[in-house]
Amino acid sequence: MQGLTELLFRRVYEECFPGAFSYAVSPFLSLTHGNLAEALKKIDDVLPAENEGSMPVIPQILGKEPQEFVELGNRLYDLGYSEINWNMGCPMRKVTGKQRGSGILPHPDLVESILDEIIPRLKPRLSVKMRLGLRNKEEIFALTPIINSHPLASVTIHPRLGHQQYTGVPDLDTFGEVLPLIKHPVIYNGDICTPADARKISERFPQITDIMIGRGVLYRPTLPLEIKSQQVDESTCQQDNSHFVRRLMEEIDRQLPTEQSRIRKTKEYWCLVWKSLPISELRAREVLHEQDYPAVRKKIFDFLQ
């Protein structure tokens, strides 16, 4: 997730829960306006030397410019990445309005022309992450033959429409209709927040290859281990979740250069991770009302005692 599951988070998570995830898909490297130079400014997040001690990662690209996409993808391959991911799922309006992310889904001819141009020239394998459509679930059915006609490593589907962003509920009926039509391995993504959620999806759709977890891992960091049944004791989970939040806050304090950046990043995470702690929403909101970093940090560490 953009701005959240970046290198700092991945390092702390792997330290606290080694091997919980098979891999992570990085926050996207954006080719906005075809600007490869701007995308490369953010490449530190996926540099192999920087990712030592982190979980394995698949770099993700957001863009629709074939030449720059190939150049960036091949540079990532030269760094050691055998797979990259094309983001066709981002629902944010400032992205979709430029026919990027899920904004490209209503344009199957454009998707086909991009795939036709990049795949023969791309050194790494390509996987895609997408939604059912931007405004109409029929969009994925128009895209399915195009997806099937190109060699892809996998297709991750979040069964919402882009315009929904994260509101409403995943459309599992439509996901079930499109699943048998796709010839590539399919990964499910969307609203996996408890082990029961994962079990429900796996039982209903045994054809899926894997499950991707997004916000759920911030709501409950021990979730992947609970899904794998490696750790189910509630008391232990609470202790481990609290330890993870503490380590995350400590690394924000240690790594970010200014008080302004530390308070912004701390509050971004706190809006989600407080749910893994035994505190009420009312008390959690006390942190967001604090205006200076020492007060924010003290309030959080008081909760973690």
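Located above this text is the structure these notes cover.
In this report, we go over the structure that sits alongside the text. Worth saying up front: this structure is predicted, and the values here are computed from it rather than measured.

## Description of the pattern of salt bridges
Across all of its chains, the model carries 22 salt bridges by this definition. Between Glu 15 and Arg 247 there is a salt bridge, with the nearest N and O atoms lying 2.7 Å from each other. One end of the pair, Glu 15, is in helix α1 (residues 7–16); the other, Arg 247, is in helix α11 (residues 234–255), and 232 residues separate them in sequence. Since its relative accessible area comes to 44%, Glu 15 is described here as partly exposed. You can call Arg 247 buried: its relative accessible area is 14%. The network of salt bridges with shared partners includes Glu 15, Arg 247, Glu 250, Glu 251 and Arg 254.

## So, the nonpolar core
Among the nonpolar cores identified, the biggest contains 86 residues, and Trp 86, Leu 126, Ile 157 and Trp 270 are the most heavily contacted of them. Among the elements that make up this core, the one with the highest residue count is helix α14 (residues 293–304) (six residues).

## Comments concerning the environment of Gly 3
Structurally, Gly 3 is set in the segment before α1. For Gly 3, a relative accessible area of 22% corresponds to the partly exposed category. For the pair Gly 3 and Phe 28, spaced 25 residues apart in the sequence, the C-alpha separation amounts to 9.5 Å. When near neighbours in sequence (up to four residues on either side) are disregarded, Gly 3 contacts Pro 27, Lys 265, Glu 268 and Tyr 269.

## Some words on the side chain of Asn 51
Take Asn 51: it is sitting in the loop between α2 (36–40) and β3 (57–58). Here Asn 51 is in contact with Leu 7, Arg 10, Asp 44, Asp 45, Val 46, Val 57 and Tyr 81, once residues within four sequence places are set aside.

## A short note on helix α12 (residues 259–273)
Helix length check: α12, at 15 residues, gives a terminal C-alpha distance of 20 Å against a target of 21 Å (1.5 Å per residue), a fit within 8%. Within the span of α12, buried status applies to Ser 261, Arg 262, Ile 263, Lys 265, Thr 266, Lys 267, Tyr 269, Trp 270, Leu 272 and Val 273. Where α12 is buried, its residues meet α1, α9 (216–219), α11, α13 (281–289) and α14.

## Some remarks on the packing of α13 against α14
Contact geometry for α13 and α14: axes closest at 8 Å, N-to-C directions at 155°. With respect to each other, α13 and α14 are oriented roughly antiparallel. Note on packing geometry: the crossing formed by α13 with α14 is left-handed. Between α13 and α14, the residues in contact are Arg 283, Glu 286 and Val 287 and Val 296, Lys 299, Ile 300 and Phe 303, respectively.

## Overview of the packing of aromatic side chains
Applying the stated criterion across every chain, the model contains 11 aromatic pairs. Ring plane angle 50° and centroid distance 5.5 Å describe the contact between Tyr 13 and Phe 21, whose orientation is recorded as tilted. The pair formed by Tyr 13 and Phe 21 is uniform in burial state, with each residue classed as buried. Arranged with centres 6.0 Å apart and planes meeting at 45°, the rings of Phe 17 and Phe 244 form a pair that is tilted. Note that Phe 17 is positioned in the loop between α1 and β1 (24–25) and Phe 244 in helix α11, a separation of 227 residues in sequence.

Parameters and conventions
Residues numbered from 1 in each chain as written. Predicted model: local features only at pLDDT ≥ 70, side-chain atom pairs only at ≥ 80, totals over all residues. Heavy atoms only, no water. Salt bridge = Lys/Arg side-chain N within 4 Å of Asp/Glu carboxyl O. Helix = DSSP H or I, 4+ residues; strand = E, 2+ residues; numbered from the N terminus. Buried < 20%, exposed > 50% of the residue type's maximum accessible area, 1.4 Å probe, protein only. Core = buried A, V, L, I, M, F, W, Y, C linked by side-chain atoms within 4.5 Å. Contact = heavy atoms within 4.5 Å. Expected span 1.5 Å × (residues − 1). Axes fitted to C-alpha atoms, helices over the stretch in contact; angles between N-to-C directions. Parallel < 35°, antiparallel > 145°, perpendicular 65-115°, else oblique. Left-handed = near helix turned anticlockwise from the far one by under 90°. Phe/Tyr/Trp six-rings, centres within 6.5 Å; stacked < 30°, edge-to-face > 60°.

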